[in-house]
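Listed here are the chains, written in short residue letters.
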Amino acid sequence: GAVVSQHPSRVICKSGTSVKIECRSLDFQATTMFWYRQFPKQSLMLMATSNEGSKATYEQGVEKDKFLINHASLTLSTLTVTSAHPEDSSFYICSAREGRYYGYTFGSGTRLTVV
Amino acid sequence: DQQVKQNSPSLSVQEGRISILNCDYTNSMFDYFLWYKKYPAEGPTFLISISSIKDKNEDGRFTVFLNKSAKHLSLHIVPSQPGDSAVYFCAATPPNRDDKIIFGKGTRLHILP
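Residues numbered from 1 in each chain as written. Chains lettered and ligands numbered in written order. Predicted model: local features only at pLDDT ≥ 70, side-chain atom pairs only at ≥ 80, totals over all residues. Heavy atoms only, no water.

Chemist: I keep staring at the sheet that holds strand β1 (residues 4–5) of chain B and nothing clicks. Help me out?
Modeler: Within a sheet, neighbouring strands are paired by backbone hydrogen bonds and run either parallel or antiparallel to one another. Residue and element names in this part refer to chain B. In spatial order, the strands read β1-β3-β8-β7-β6; together these 5 strands make up an open sheet with antiparallel pairing. Both outer strands of the open sheet, β1 and β6 (56–59), are each paired with one neighbouring strand and no more. One ladder, built from 6 bridges, connects strand β7 (residues 62–67) with strand β8 (residues 72–77); its direction is antiparallel. Among the inter-strand pairings, T63 is bridged to a residue of β8, identified as H76. (Pairing = 2+ DSSP bridges. Helix = DSSP H or I, 4+ residues; strand = E, 2+ residues; numbered from the N terminus.)

Have a look at this one:
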């Protein structure tokens, strides 16, 4: 089945620095990937839709300049959290899909802790 | 305003019995529903889905029922096994935005020995 690889799985960074998270579709091409954020005991919230070769589409309330998304190829999307602050600490998950009704495949997530 | 609601934050079920996880939604235009299973510190894994044109979909031990008039769906797991202990997310896709999944808050299922 479809596999989405996400790394790092865990990262601790200092406040004010930037962190890059990678999401790769391993055995299929994904023209669209999605980035989610999950707070403790909360649902997964869609942050943005990453489109290969074009600008990402951000959900309302998500800062574009803070969460930079790049989808340079059909198998790779990256999320960069710029000038990270402690409130950015969260669990970030990417996903991709092969077909409309195949079901979305998620990466294993990245636990970001900003100190 | 939550469009997909899972009102039970947690559920405990004896091993071997049936687990029933419930989900309600508010938008009658949702056309596709999904259930995901999530272990701690991992990404969700797709479990089962159902199109709005159906009222039941079965896959092994997992069955999803959809009641459109009540805007309610449920996931049945039978028999429940220890490995089923996880958080289960109900999700829906809105019409004309099949790139967006709207998730409920999840229900933590504990399978008791």
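More follows now that the structure is in view.
Chemist: Looking at this structure, how should I read the interface of chain B and chain A?
Modeler: Accessible area lost when the parts come together is the quantity often used to give the size of an interface. On the chain A side, the residues contacting the 20 residues of chain B number 21 residues. In total, about 1,800 Å² of surface goes out of reach between chain B and chain A, with carbon and sulfur atoms giving 55% of it. Taken together, chain B and chain A are joined by 0 salt bridges. Our enumeration of links across chain B and chain A arrives at 1 residue pair in polar contact (both at pLDDT 80 or more). (Contact = heavy atoms within 4.5 Å. Buried area = accessible area lost by both parts, 1.4 Å probe. Salt bridge = Lys/Arg side-chain N within 4 Å of Asp/Glu carboxyl O. Polar contact = N/O pair within 3.5 Å; in protein donor to acceptor, adjacent residues only side chain to side chain.)

Chemist: Please explain the sheet that holds strand β7 (residues 67–73) of chain A as it appears in this structure.
Modeler: Residues and elements named next belong to chain A. Taken in spatial order, the 4 strands line up as β1-β3-β8-β7 in an open sheet, and their pairing is antiparallel. Sheet topology places β1 (4–7) and β7 at the edges, where each strand pairs with a single neighbour. Across this sheet, the average inter-strand angle for adjacent strands is 15 degrees, counted without regard to direction. Summarising the sheet, strand β3 (residues 19–25) and strand β8 (residues 76–81) pair through 6 bridges and their orientation is antiparallel. Counted as the bridge partner of E22 is T78 from β8. (Axes fitted to C-alpha atoms, helices over the stretch in contact; angles between N-to-C directions.)

Chemist: Please clarify how the side chain of T63 of chain B should be interpreted in this entry.
Modeler: Examined against the element boundaries, T63 of chain B turns out to sit in strand β7. Under the relative-accessibility criterion, T63 of chain B is labelled buried at 9%. (Buried < 20%, exposed > 50% of the residue type's maximum accessible area, 1.4 Å probe, protein only.)

Chemist: Even after reading the chapter, I still don't get the packing of aromatic side chains, so can you show me in this structure?
Modeler: The geometry of an aromatic ring pair comes down to the distance between the two centres and the angle between the two planes. Per the stated rule, a full pass over the model turns up 11 aromatic pairs over all chains. Relative to Y92 of chain A, the ring of F67 of chain A lies with its centre 6.3 Å away and its plane at 45 degrees, an arrangement referred to as tilted. Of the two residues, F67 of chain A is situated in strand β7 and Y92 of chain A in strand β9 (residues 90–97); the sequence distance between them amounts to 25 residues. Summarising the aromatic geometry, the rings of Y25 of chain B and F30 of chain B are spaced 6.0 Å apart at their centres and angled 50 degrees between planes, so their arrangement reads as tilted. (Phe/Tyr/Trp six-rings, centres within 6.5 Å; stacked < 30°, edge-to-face > 60°.)

Chemist: Looking at this structure, how should I read the environment of G43 of chain B?
Modeler: Residues and elements named next belong to chain B. Mapped onto the fold, G43 is located in the loop between β4 (32–38) and β5 (45–51). Here G43 falls in the buried class, since its relative accessible area comes to 7%. Taking C-alpha positions, G43 is 24 Å from L112, a pair spaced 69 residues apart along the chain.

Chemist: Looking at this structure, I do not really get a nonpolar patch on the surface. What am I missing?
Modeler: Taken together, the side chains of I18, I20 and V78 of chain B define a hydrophobic patch exposed on the protein surface, amounting to about 220 Å² of accessible area. With respect to the secondary-structure elements, I20 of chain B resides in strand β3 (residues 19–25). (Patch = residues over 30% accessible without salt bridge, like charges linked within 9 Å, V, L, I, M, F, W, Y side chains within 5 Å. Areas by Shrake-Rupley, 256 points an atom, 1.4 Å probe, with all protein chains shown as cover.)

Chemist: I tried to follow unusual backbone geometry on my own but got confused; where do I start?
Modeler: What is expected of a backbone is that most residues other than glycine have negative phi and most peptide bonds are trans. The omega torsion across H7 of chain A and P8 of chain A is 5 degrees, close enough to zero to call that bond cis. With respect to the helices, strands and loops of the structure, P8 of chain A is situated in the loop between β1 and β2 (10–13). For the peptide bond that leads from V78 of chain B to P79 of chain B, omega is -5 degrees, which places it in the cis range. You can see P79 of chain B is positioned in the loop between β8 and β9 (86–93). A positive phi angle, close to 45 degrees, is found at S83 of chain A, a residue other than glycine. Tracing the backbone through its elements, the reader meets S83 of chain A in the loop between β8 and β9. By relative accessible area, S83 of chain A is classed as partly exposed at 35%. A positive phi angle is found at K71 of chain B, which is not glycine, with a value near 50 degrees. By the element assignment, K71 of chain B lies in the loop between β7 and β8. Residue classification places K71 of chain B among the partly exposed positions, given a relative accessible area of 27%.

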